[in-house]
Amino acid sequence: MRARQFYSWHCLISLLALIGTFFATAARPADTDGVQAFADPSGVIATVDINGRVTGQGPFFQSLGINGRSCATCHVASQAMSISAAGVQARFVETGGADPLFATVDGANCPSAQRGNPADHSLLLTHGLIRVFIPMPTGPTAQFSISVVHDPYGCAMLPNPAGGAPFVSVYRRPLPTANLGFLSTIMFDGRETHQPLNALSTFSANLSADLMQQAADAVTTHAQAPTAPAADVLTGIVNFELGLFSAQAVDSNAGWLHALGANGGPTFLSGLQPKYYPGINDALGADPNGLAFNPVSMTLYDAWSNISDNNGHFLEGVRDAARRAIARGELVFDTAPVNISNVRGLNDNAALGKPSTFVGHCATCHDTPNVGNHSLALPLDIGTSHTGKPEMESDPNILAALSQLSEADLPVYLISGCPNPFNAGEPESFYTTDPAKALITGQCSDFNRGKGPVLRGLAARAPYFHNGSAANLHELVNFYNERFQMNLSEEQKSDLIAFLNSL
């Protein structure tokens, strides 16, 4: 027990020392002012700005609307350029709920909320959720109808003040504004991907154009600006965002994540972007260079797989053990079989032959090497938008998976008029807390389908999934283990969590 306590104190002291010496010893760009490092629950998160010093004076940090918000309100460097539930709670306590983050337009459960009342901001406080309000699909492209079957806050569906289709309220996590040079689609439902990000020749121009429009829409919606900012302001925001690369730099048990041949941290990540192209390692065989899909998509910690104890020194031995655990977790990510069934976007995918079930890997959905998102747009329904109510969900694997999560009390919608994608010609109604891409396209084939985000900087930005239903990585791993019948041992789960924390 004394040894364990001594090691815990040693870890704390070492962590503080690592933070203090980050700027002096880490491998990084020459301009040290371009690095921001912060303690997080697993060690140190770092963001590199390849454009140089972060002054906090550009348009990204300026209030451009009427409610005091800036881009930095919801995209915080210490939280991997997103927000964490813990960070939200601290801001609420510090400001009594007066921080611009809690503007009632979308920082509350409903727009009629009372500022400063925790109950009115419970979804943001507990799950880091922002209310997104999208007009119900109408017209000839709308293939389904939506009705509300559970409305815990009384604003699941609201009249459109401008007339027309009512707004449907869904609740989602803010995506990070770092590592954007690897994107294949923008926003969870892809609604800001106005120009496709599917070809290298157009990728850079289209990404900038899409991010410009996304920034304009964010200012007019989230910051409630009456008009969009000028083009030079939007350009300043986008140029700043494109220079940011965020990743875990230090693990409190394993130490520096670039030590002894490993390639953790934001600097190595930033060096991957010039080599990236849309379709790289595509799991469906669409790599434009004709390269076969390789499920071994993560190789950051190969060098740690056979690391030996350091001359019997106790503390270094424990650190080496943590490094080996991370390497083992990476191996689980790369090789553990994933039994895929009832996933819209995969099991109904003609490119795969519409298999009722097949064995894949983590990289089937997270194929971009050492980054972790899908290199071509492939929105999927893995079940996180489903409801855990047995009377509303028929798939036992999804029910078992949802039981592992800390789900928020979200509105539930009944989608009617769609066929069952896994039984042709059979009509079926579906329950969901977020129709996702289908709210944008009106198409039954897009029901519940959303993108998988970049898997970097996870340790600093809990909770996880688009609706914040996984409070921590333990819940996330347990969800996947049940959903896809991975049959992981407890040691494998622990190792996988260690690896995910190191991203």
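Here the structure is a predicted model, which means the values were calculated and not measured.

## Re the overall build of the protein chain
For step 1, the next point in the chain: Of regular secondary structure, the protein chain possesses 12 helices and 12 strands.
For step 2, the next point in the chain: Computed over C-alpha atoms, the radius of gyration of the protein chain comes to 22 Å, within 12% of the 23 Å expected from 2.2 N^0.38 for 503 residues, which places it in the range of a compact globule.
For step 3, the next point in the chain: The dimensions of the protein chain, computed from C-alpha atoms along their principal axes, are 70 × 50 × 50 Å.
For step 4, the next point in the chain: Contacts in the protein chain between residues far apart in sequence, at least 24 positions, make up 64% of those at least 6 positions apart.
For step 5, the next point in the chain: Within the structure as shown, the protein chain displays about 20,200 Å² of accessible surface, and the carbon and sulfur contribution to it stands at 55%.

## Structural notes on the packing of helix H8 (residues 314-335) against helix H12 (residues 490-501)
The description of two packed helices rests on the angle between their axes and on the distance between the axes.
For step 1, the next point in the chain: Running from N to C, H8 and H12 cross one another at 100°; their axes reach a closest spacing of 7 Å. It follows from the interaxial angle that H8 and H12 lie roughly perpendicular. From H8, Ala325, Ile326, Arg328, Gly329, Glu330, Val332 and Phe333 reach across to H12, where they touch Glu491, Gln492, Asp495, Leu496, Ala498 and Phe499.
For step 2, the next point in the chain: Its residues assigned to classes, the contact of H8 with H12 comprises seven nonpolar, two polar and four charged.

## Quick look at the state of the cysteines
For step 1, the next point in the chain: In this structure the tally under the stated criterion is two disulfides.
For step 2, the next point in the chain: Disulfide pairing is shown between cysteine 110 and cysteine 155; the S-S distance is 1.9 Å. Around the S-S axis, the bridge from cysteine 110 to cysteine 155 shows a dihedral of about -85° and counts as left-handed. With cysteine 110 in the loop between helix H3 (85-95) and helix H4 (122-127) and cysteine 155 in the loop between strand E4 (145-150) and strand E5 (157-158), this residue pair connects regions lying 45 residues apart in the sequence.
For step 3, the next point in the chain: What connects to what in the protein chain, once the bonded cysteines are numbered by sequence position, is 1-2, 3-4.
For step 4, the next point in the chain: There is no disulfide at cysteine 362, and the cysteine sulfur nearest it, in cysteine 365, is 8.6 Å away.

## Some points on the pairing of strand E6 (residues 167-172)
For step 1, the next point in the chain: Burial runs high along E6: six of the six residues are buried.
For step 2, the next point in the chain: With burial as the criterion, each face of E6 is covered, one bearing Phe167, Ser169 and Tyr171 and the other bearing Val168, Val170 and Arg172.
For step 3, the next point in the chain: Relative to E6, strand E3 (residues 130-135) runs antiparallel, the two being bridged by six bridges. Bridge pairing in E6 links phenylalanine 133 to serine 169.

## Overview of the nonpolar core
For step 1, the next point in the chain: Counting residues in each nonpolar core, the largest one holds 44 residues, and the members touching the most others are Tyr301, Trp304, Leu476, Leu496, Phe499, Leu500 and Leu503.
For step 2, the next point in the chain: Not counting residues up to four positions away in its chain, the partners in contact with leucine 503 are Ala247, Gln248, Met298, Leu300, Leu455, Arg456, Gly457 and Leu458.
For step 3, the next point in the chain: Leu183, Ile186, Leu269 and Val454 belong to the second-largest nonpolar core, a separate cluster that totals 19 residues.

## Details of the packing of helix H11 (residues 473-483) against H12
For step 1, the next point in the chain: Contact pair H11 / H12: the axes reach a minimum separation of 10 Å and the direction vectors enclose 125°. If you check the angle between H11 and H12, you find them oblique. Relative to H12, the crossing made by H11 is right-handed. Contacts between H11 and H12 involve Leu473, His474, Leu476, Val477, Asn478 and Asn481 on the former and, on the latter, Lys493, Leu496, Ile497, Leu500 and Asn501.

## So, the sheet that holds E6
Strands pair in a sheet through their backbones, by hydrogen bonds, and they do so in one of two ways: parallel or antiparallel.
For step 1, the next point in the chain: Spatially, the three strands line up as an open sheet ordered E3-E6-E5, and their pairing is antiparallel. Across the chains shown, the open sheet's two edge strands, defined by having one partner strand only, are E3 and E5.

## Notes on helix H5 (residues 200-221)
For step 1, the next point in the chain: Between the first and last C-alpha of H5 there are 31 Å, a value that for 22 residues agrees with the 32 Å anticipated at 1.5 Å per step.
For step 2, the next point in the chain: Of all the bends in H5, the largest measures some 30° and sits at asparagine 206.
For step 3, the next point in the chain: The set of residues buried in H5 consists of Phe203, Asn206, Leu207, Asp210, Leu211, Gln214, Ala215, Ala216, Ala218 and Val219.
For step 4, the next point in the chain: Lining the buried residues of H5 we find helix H6 (231-242).

Calculation notes
Residues numbered from 1 in each chain as written. Predicted model: local features only at pLDDT ≥ 70, side-chain atom pairs only at ≥ 80, totals over all residues. Heavy atoms only, no water. Helix = DSSP H or I, 4+ residues; strand = E, 2+ residues; numbered from the N terminus. Rg over C-alpha atoms; globule rule 2.2 N^0.38 Å. Contact = heavy atoms within 4.5 Å. Areas by Shrake-Rupley, 256 points an atom, 1.4 Å probe, with all protein chains shown as cover. Axes fitted to C-alpha atoms, helices over the stretch in contact; angles between N-to-C directions. Parallel < 35°, antiparallel > 145°, perpendicular 65-115°, else oblique. Nonpolar A, V, L, I, M, F, W, Y, C, P; charged D, E, K, R; others polar. Disulfide = S-S within 2.5 Å. Buried < 20%, exposed > 50% of the residue type's maximum accessible area, 1.4 Å probe, protein only. Pairing = 2+ DSSP bridges. Core = buried A, V, L, I, M, F, W, Y, C linked by side-chain atoms within 4.5 Å. Left-handed = near helix turned anticlockwise from the far one by under 90°. Expected span 1.5 Å × (residues − 1). Bend = angle between axes of the 7 residues up to and from the residue.

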